[in-house]
Each structure stands twice: as structure tokens, then as C-alpha cells.
Amino acid sequence: MTSTLSTPIVRWSARAVLFDDDARLVTIKRTKPRAAPYWTTPGGGVESDDVSREAALERELLEELGATAVVGQQLTLVTSPAQGGQSVQYFFAARLIRLDAALRSGDEHTDASRGRYDLERIPLDQLAGYDLKPAKIKDFILENCAAVLADLPSQVTSWPSVLRRKSVGNIVRGSRG
């Protein structure tokens, strides 16, 4: 068995655990010919001219969704095998500020052979029924949803009512300024 210490990292990416003001997870539904659909969090590769992982994520959100967001703290990372080494995905908490599909510019929107990339907002109390990939991030969100919501960056003056009352399992949220 090869040690992961000696396995080179061949791809770095930054992904958002992105929530809208109704505490729904903003995802991309991937549909490919002859394959079951699945969902993923928005984000993508960190490029050499990105000044930080957070900057890469902001760029990717604009390209993939036409979105601007407040990016908060890194929640976790997930490694997986990749061609010639391993891939590392850094997941950040983020709050959606604005969405304009006309601003999307990524290759995924111009190359029909890549399948469909559709925006879908998932209520947290329904997340268990979705094939969110990687499965490790789905499990992380389900196990830690109250803490993730509590630590979301904020640029709003009051929290939506869904965060102020018992709404998703045992998520209870008070007012935060």
C-alpha cells in the first residue's frame, strides 16, 4: 500500500457549502447522458494566479453560478485519488449574496458534451435524500448543520426566520447582529 505522505497532490480545489437566506444548500445538479443525476457543491480548481483559496472560490462561484457570496471559514477538506496522485478539495462556509445566471461564464455552460449543470437549492431537512458528492461532505453537513449555520458569515442585519426557530432537526437559532 502506498503511503499518502508520498502521494503527490495533483489538483487543489475550493468548494462552497453555500447557503441562501432561507438556509437552503445551493448546489449544482449534474446530469450526464446514461448516468443517474447527482449534486455537487459549487467550486473548482485553484489556479496559479488565484491569490488564495477563497479568491479561487469567489471566481468559481461567479463562473459556475453567476453568484457573489461572502466566503467564511474553511469547514473541512476531502482528499481522493486522482490521475497521478491525489486531489484535495477545501470546503468553505459561504452565504449567497446575489445570483445572476447571465453572469455564468465557465466552460461547463458552453460545452454540451459535459452534460447539464443546473442550480438547485436543497432544504436541509431533505438533504439526506440527495446524492450529494462527495459523500463525505454530505455526511459532514448532515452531522454538523447547526454548527455550520451558526458560523455562516453574515452581511444581513437580521437572520431569516428559519434560523430563529426550530426548523431542521435540532437547529435552533437566536438573533445575531
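Quantities reported herein were computed from a predicted structural model and do not represent experimental measurements.

The rules behind each value
- Residue indices begin from 1 for each chain and proceed along its sequence in written order.
- For a predicted model such as this one, the threshold for reporting local features is a pLDDT of at least 70, and the threshold for listing and counting side-chain atom pairs is 80 or more; totals across whole chains, interfaces and linings nevertheless cover every residue.
- Neither water nor hydrogens contribute to the side-chain values; these are computed over all heavy atoms in the structure.
- Strand pairing is assigned whenever DSSP identifies at least 2 bridges connecting the two strands.
- Put simply, DSSP marks the helices as runs of H or I at least four residues long and the strands as runs of E at least two long, and each gets a number from the N terminus on.

A. Examining the pairing of strand S2 (residues 24-31) more closely. When strand S1 (residues 9-19) meets S2, the two strands line up antiparallel, connected through two bridges. Paired with Phe 19 across the bridge in S2 is Leu 25. Hairpin connection of S1 to S2: four residues between the antiparallel strands, including Ala 23 at a positive phi of 60°. Where S2 and strand S7 (residues 116-123) come together, eight bridges link them in antiparallel fashion. Across the sheet, the residue bridging to Val 26 is Arg 121, located in S7. Here S2 pairs with strand S3 (residues 38-40) via three bridges, running antiparallel. Each residue of the ladder has a partner; that of Lys 29, found in S3, is Trp 39. Following S2, the chain reverses through six residues before pairing antiparallel with S3; Arg 34 in that reversal takes a positive phi of roughly 60°.

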